[in-house]
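If you want the building blocks of each chain, they are given just below.
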Amino acid sequence: MLTHFASRLGRFIGRPVMALVLAISVAGPAVALSETEEKTLQDLNSYFNSVKTMHGDFIQFGPDGSQSDGKFYMARPGKVRFYYNKPSVLDIVADGKSVSVRDRKLNTQDIWPLGQTPLRFLLSDTIDLQKDTNVTNVMVEEDLVTVTIFDKTKFNSGTLTLIFDANDYALKQWTVTDQQGYDTSVAVYNVVSNGPTNPDLFKIDYLANSRQSRN
């Protein structure tokens, strides 16, 4: 199922959007870290786990120089929406059970169980970067904290680099480097944490797939 999801999703939305969805797909035993690095990861975990809702803007840079942007909304556990601005026609929704990737122009969508997609990490009740990921480097600078993770899963193999604000540990950007050395970066901004959310943002039209099959 994992390989099927990755191949279908890759063909449907292409490498740049694939990186957005797969960026949090990280697993494996954590390497030994210094006391300072462990403390930094603990602080990052505390920030992540204090944020139950989030919304803002994102801009995505593909390895071919392409750019796309849009709005994102998150309500943990289990719910997220990435709405791409035109000319992109994509809309990605997780409703706590499933993930839908919808083409607004063609009015088609593919659906997979949330628990069998990498989004389950981002949307889990609690996040532990040290236990749930294979951290290879933690770099603390005056204004930024950079965490490098080696990612080898059925979905994706390569390196994930997460960049956080050094003052409040808010996530600023992530970059996925695949096995071929191609980078895809996603930056988030105008982020509001723990604000009100609209449950309608996370609804999936399951009947649309039935209508789609009949056409």
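These figures come from a predicted structure and were not determined experimentally.

**A short note on the overall build of the protein**
Counting its secondary structure elements, the protein contains 5 helices and 11 strands. Classification of the 215 residues of the protein by burial places 47% in the buried group. A separation threshold of at least 6 residues defines the contact pool for the protein, and within that pool the share at least 24 residues apart is 52%. Counting only carbon and sulfur atoms, one obtains 50% of the accessible surface of the protein, whose full area is about 10800 Å².

**Overview of unusual backbone geometry**
For residues that are not glycine, phi is negative in most cases, and the peptide bond is trans in most cases. Residue Pro-77 follows Arg-76 across a cis peptide bond; omega there is 5°. Cis geometry is adopted by the peptide bond preceding Pro-87, which originates at Lys-86 and carries an omega value of 10°. Looking at the secondary structure, you find Pro-87 in the loop between strand S3 (79-84) and strand S4 (90-95). Despite not being glycine, Asn-190 has its phi angle at roughly 50°, a positive value. Mapping Asn-190 onto the fold places it in strand S11 (residues 183-193). The phi angle at Asn-194 is positive, at roughly 60°, despite the residue not being glycine. Checked against the element boundaries, Asn-194 lands in the loop between S11 and helix H5 (207-214).

**So, the packing of aromatic side chains**
Two descriptors summarise a pair of aromatic rings, namely the distance from one centre to the other and the angle between the planes of the rings. Under the definition given, this model contains 4 aromatic pairs. Taking the centre distance of 5.0 Å and the plane angle of 75° together, the rings of Phe-58 and Tyr-84 count as edge-to-face. Placement of Phe-58 in strand S1 (residues 53-61) and of Tyr-84 in strand S3 is noted, with a sequence separation of 26 residues between them. Every member of this aromatic cluster is reached through a ring pair, and the members are Tyr-47, Phe-48 and Phe-164. In this structure, Arg-104 packs its charged tip against the face of Tyr-83, placed 4.1 Å from the ring centre.

**Let's talk about the pairing of S4**
By the criterion of burial, S4 is predominantly enclosed, with 6 of the 6 residues buried. Residues Leu-90, Ile-92 and Ala-94 point to one face of S4 and Asp-91, Val-93 and Asp-95 to the other, with burial holding for every one of them. Of the pairings in the sheet, the one linking S3 to S4 comprises 5 bridges and is antiparallel in character. Considered in S4, the bridge of Val-80 is made with Ala-94. Hairpin remark: S3 followed by S4, antiparallel, with 5 residues in the connecting loop. As judged from the 5 bridges shared by S4 and strand S5 (residues 98-103), these two strands associate in the antiparallel manner. Paired with Val-93 across the bridge in S5 is Ser-100.

Cut-off values and rules
Starting afresh in each chain, residues are numbered from 1 along the sequence in its written order. With the structure being a predicted model, the display of local features is reserved for residues of pLDDT at least 70 and the display and counting of side-chain atom pairs for 80 or more, all residues being used for whole-chain, interface and lining totals. Only hydrogens and water are set aside when side-chain values are computed; all heavy atoms of the structure are taken into account. By definition, any uninterrupted DSSP run of H or I lasting at least four residues is a helix, any uninterrupted run of E lasting at least two residues is a strand, and each is numbered from the N terminus. The buried label applies to any residue whose accessible area, calculated with a 1.4 Å probe on protein chains only, is under 20% of its type's maximum; exposed applies above 50%, and partly exposed to all values in between. Two residues form a contact once any of their heavy atoms are found within 4.5 Å. To measure how exposed things are, a 1.4 Å probe is used in the Shrake-Rupley method; for residues, cover is taken only from the protein chains shown. Pairs were defined over the aromatic rings of Phe, Tyr and Trp, the Trp ring being its six-membered one, requiring ring centres within 6.5 Å. Orientation was assigned from the angle between planes: stacked under 30 degrees, edge-to-face over 60, tilted for the rest. As a reminder, the over-ring test applies to NZ of lysine and CZ of arginine, requiring each to be within 6 Å of the ring centre and within 35 degrees of the ring normal. A pair of strands counts as paired when DSSP detects no fewer than two bridges linking them.

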